[in-house]
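As a plain string of letters, each chain reads:
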Amino acid sequence: MLDLAGRRVELARAEAVRLRDAAAAEAGSSSAARDLSVLLDRVLARGHLLALRQGEVHTLTSIAAGLGLGELVARLAGPGG
C-alpha cells in the first residue's frame, strides 16, 4: 500500500517486485531510482505502508510507465489524472 500525500493506492506484491527490480536496474545512473528500490525492498520485506514524496512518486510513475504498467500509472495519477 502506498500513501501519496494522504491518498492510499494499492500496490500488488507482483507490481512492487517488478518496480523494485526495475528501479534497482536503474540505480547506477539514478539516485532517485536507487532510493526507490531501497524503499520498495523494505515494503516487500516488512509489508507496511509506504509514504512517498512528490519526487518519489514521479520516479515510480516513470518506472511503471517504462514497464507498461498503465493501470498503475493511472492509479498513481489519481482521480481525473
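Residues numbered from 1 in each chain as written. Predicted model: local features only at pLDDT ≥ 70, side-chain atom pairs only at ≥ 80, totals over all residues. Heavy atoms only, no water.

Colleague: What am I meant to see in the sheet that holds strand 1 (residues 2-4) here?
Modeller: Backbone hydrogen bonds are what pair the strands of a sheet, in a parallel or an antiparallel way. Read across the open sheet, the three strands follow the order 2-1-3; overall the sheet is mixed. Among the strands making up the open sheet, the edge pair consists of strand 2 (7-9) and strand 3 (50-52). Mean inter-strand twist for the sheet, computed between neighbouring axes without regard to direction, equals 30°. Across three bridges, strand 1 lies against strand 2 in antiparallel orientation. Counted as the bridge partner of Leu4 is Arg7 from strand 2. Against the sheet, helix 3 (residues 54-66) makes contact with strand 1 and strand 3, and its axis sits at roughly 100° relative to strand 3, the strand it touches most. (Pairing = 2+ DSSP bridges. Helix = DSSP H or I, 4+ residues; strand = E, 2+ residues; numbered from the N terminus. Axes fitted to C-alpha atoms, helices over the stretch in contact; angles between N-to-C directions. Contact = heavy atoms within 4.5 Å.)

Colleague: Which parts of the structure should I look at to understand the packing of helix 1 (residues 13-26) against helix 3?
Modeller: What describes two packed helices is the angle between their axes and the distance between those same axes. Put simply, helix 1 and helix 3 touch, their axes get as near as 10 Å, and they point 100° apart. Judged by the inter-axis angle, helix 1 sits roughly perpendicular to helix 3. Of the residues in helix 3, those in contact with Leu19, Ala22, Ala23 and Glu26 of helix 1 are Leu60, Ile63 and Ala64. Partitioning the contact of helix 1 with helix 3 into residue classes produces six nonpolar, no polar and one charged. (Parallel < 35°, antiparallel > 145°, perpendicular 65-115°, else oblique. Nonpolar A, V, L, I, M, F, W, Y, C, P; charged D, E, K, R; others polar.)

Interpretation in functional terms is not warranted from these geometric data alone.
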